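Chain by chain, the residues:
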Amino acid sequence: MKRSKKTFNDQQVSSDRESGAVLKNSELKWGPNPMTLVGFIVVLLVVLTVVFSVAFFFGDLPSDCLWTLAEARIFHVKHSKATVSEKDILQPLTVPKDKLLGGLLPTGFDETSCLSRYESHLYSKPLQHKPSSYLISGLRRYEALHKQCGPYTELYNRTVDLIKSGEYSSDSSVCNYVVWISYSGLGNRILTLTSAFLYALLTNRVLLVDPRANLHNLFCEPFPEVSWLLPPDFPIIEQFSSFNKKSPHSYGYMVRNNVTDNSRIPSFLYLHLSHDFDVQDKLFFCDTDQTFLHKVPWLFVKSNNYYVPALFLIPSFEQELNNLFPEKETVFHFLGRYLFHPTNSVWGLITRYYQAYLAQADEKIGIQIRVFSLGVSNFKYVLNQILACTTKENLLPQVNLNEPIVNSSGKTKTISVLMTSLSSRYFEEIRNMYWQNPTVTGEIVSVFQPSHEEHQQSEKLMHDRKALAEMYLLSLTDKLVTSGWSTFGYVAYSLGGLKPWILYKFKKGTVHNPPCFRATSLEPCYHSPPYYDCKKKTASNNTVNIVPHVRHCEDNSWGLKLFDQKGEL
């Protein structure tokens, strides 16, 4: 070590001597004043700096170097708690995607606690429709009300006391509530919860959610600072499972038995809005009955239907709904994007699958299959229906059965097909078809299916997590095929702002031609609407003539659906 160090010192001394000799020769050549050389170098550097700056700003240098850096840093997102803040990321010279969705989402949340809330814009397509300023203001007002009246606040505790005492207080400072009771499959629950929230907006009520539904494991809290979950110590929570249209606390039951009295308003009522509701339950959709219900502080609602279209038939709500939603087909699209943000565990399922199987494809096609009648012959029929729809509508390319390889000119287009079904058989058939045969036009088609649970398992946590992840993944595709009557499909296409091709519902022995049709509205269908004339107090099938934007569904001849007036059936 000493010898090596000595050698390094000897070399350094020799180098210093040589440098001195060069400097001495330089002084002789340039003159006795060394500052002349230093000044020349300084001036040269200043000039080069100015030239480089001017060239950059006026386009003489390749400006795409900045875009390349920006794009590389923006779109390669790492989903972890250590995600870099967007303020620290070099942004491109255009307006970045709006992570607040045009003002739809509130600020003030801890972003790492719910990554999907502010990261969803990195995966979804930009909003094709813009929320109205009136809707945005209404949501901010609701959030303030929820903060004031949410669980365990002073006003909440006072209103809970009304149920404990069984009497109604006329104190105007007491808050009013609508409590959503969990019922049916995940698609139905998402649609009915949205319906309950819209009703809360229209009636100045606070929405609280049945805590038994595992929703806190599926979705983040949508409202700042105060939970939307009904506390588990709520006085009558154990009665929720027994609520039905025959319950003494049901509004329909009370009307049938003439026990409604404007002089004595009950502290709570149960609203039975499921498919099996009777004539008296349907009075919920009449103005005069809404006047009575407005006085009841606690309303508990159970439904398995998206009853939003029927709210548009209530005259007292009409102007407010028109202000909130100038485009009628955007109700669930906006309220769904506002309310339902997958928890980090579900968001991980979504983003990992998307990055692994969908992100790099030139085109993403979703196919959602829901078969209500099982059987071998049904399988063949539905498979042929899917293939006929996707090829006829040019969603997927045809395969070449005669040649082992088809050469395409130019860059080969890649298509990722995301299939969702309780069964894996459809996926296996279509995957093998595109694996074993080339496409006629040379595209490379990859087919994927995240899960196949075989049977629906409502309210089982892992099953619901997979179902939610698949709904969300379908909403991220470019084009979508869904099954008629399927609430799973309704959620997927409406959440994504997609107008899908809908497969006709399978009926044994029936062959549909064409096999599918294009939806004309983003809205879900209300399968069991209240055909009732509130003025005549009798059943009526004239509901679709009340307002021009409520019409029959494309996939359900008696269902009701919201359309924009400019839309065509």
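Residues numbered from 1 in each chain as written. Predicted model: local features only at pLDDT ≥ 70, side-chain atom pairs only at ≥ 80, totals over all residues. Heavy atoms only, no water.

- As annotated in an unreviewed UniProt entry, the chain carries the name Fucosyltransferase and comes from Solanum pinnatisectum.

## Some remarks on the packing of helix H7 (residues 186-203) against helix H16 (residues 461-475)
Now for step 1: Their axes nearest at 10 Å, the elements H7 and H16 cross at an angle of 70 degrees. Taken together, the axis directions place H7 and H16 in an arrangement best described as roughly perpendicular. In this structure, H7 uses Leu186, Gly187, Arg189 and Ile190 to contact H16, whose residues at the interface are Asp464, Ala467, Leu468 and Met471. (Axes fitted to C-alpha atoms, helices over the stretch in contact; angles between N-to-C directions. Helix = DSSP H or I, 4+ residues; strand = E, 2+ residues; numbered from the N terminus. Parallel < 35°, antiparallel > 145°, perpendicular 65-115°, else oblique. Contact = heavy atoms within 4.5 Å.)

## Quick word on the sheet that holds strand E3 (residues 268-272)
To summarise the sheet geometry, strands pair through backbone hydrogen bonds and adopt either a parallel or an antiparallel arrangement.
Now for step 1: Strand order in the open sheet formed by four strands is E2-E1-E4-E3, with parallel pairing between adjacent strands. Two strands bound the open sheet, and with one partner strand each, they are strand E2 (206-209) and E3. Each strand of the sheet is rotated relative to its neighbour by a mean of 25 degrees, with strand direction disregarded.
Now for step 2: On top of the sheet, helix H6 (residues 154-165) reaches strand E1 (177-180), E2, E3 and strand E4 (298-302); it is set at about 80 degrees to E4, its chief contact.
Now for step 3: The strands that H7 touches are E1, E2 and E4; relative to E1, the one it contacts most, it runs at about 180 degrees. (Pairing = 2+ DSSP bridges.)

## So, H6
Now for step 1: Look at H6: 17 Å from first C-alpha to last across twelve residues, which is about the 16 Å you get at 1.5 Å a residue.
Now for step 2: Those residues of H6 that fall on the buried side of the exposure criterion are Leu155, Tyr156, Thr159, Val160, Leu162 and Ile163. When H6 is viewed along its axis, its buried side chains cluster within an angular range of 140 degrees and face the same direction. Turned more than 90 degrees away from the buried face of H6 sit Glu154 and Lys164, all of them exposed. (Expected span 1.5 Å × (residues − 1). Buried < 20%, exposed > 50% of the residue type's maximum accessible area, 1.4 Å probe, protein only. Arc of directions from axis to C-beta.)

## Examining the packing of aromatic side chains
Now for step 1: Applying the stated criterion across every chain yields a total of 35 aromatic pairs.
Now for step 2: Aromatic side chains Tyr156 and Tyr177 sit 6.0 Å apart centroid to centroid with 85 degrees between the ring planes, which places their arrangement in the edge-to-face category. Linking Tyr156 in helix H6 with Tyr177 in strand E1, this pair joins segments that are 21 residues apart in sequence.
Now for step 3: Using a relative accessible area of 3% as the deciding quantity, one classes Tyr156 as buried.
Now for step 4: When the ring of Phe379 is compared with that of Tyr426, the centres are 4.8 Å apart and the planes differ by 45 degrees; the resulting orientation is tilted. A residue pair is termed long-range when its members are at least 10 positions apart, and Phe379 in helix H14 (residues 376-392) and Tyr426 in helix H15 (residues 425-436) qualify at 47 residues. The exposure classification of Phe379 matches that of Tyr426, with both residues buried.
Now for step 5: Taken together, the ring pairs connect Tyr152, Tyr156, Tyr177, Phe234, Phe240, Phe243, Phe268, Tyr270, Trp298 and Phe300 into an aromatic cluster.
Now for step 6: The ring of Phe109 is capped by Arg117, whose NZ or CZ atom sits 3.5 Å from the centre of that ring. (Phe/Tyr/Trp six-rings, centres within 6.5 Å; stacked < 30°, edge-to-face > 60°. Lys NZ or Arg CZ within 6 Å of the ring centre and 35° of its normal.)

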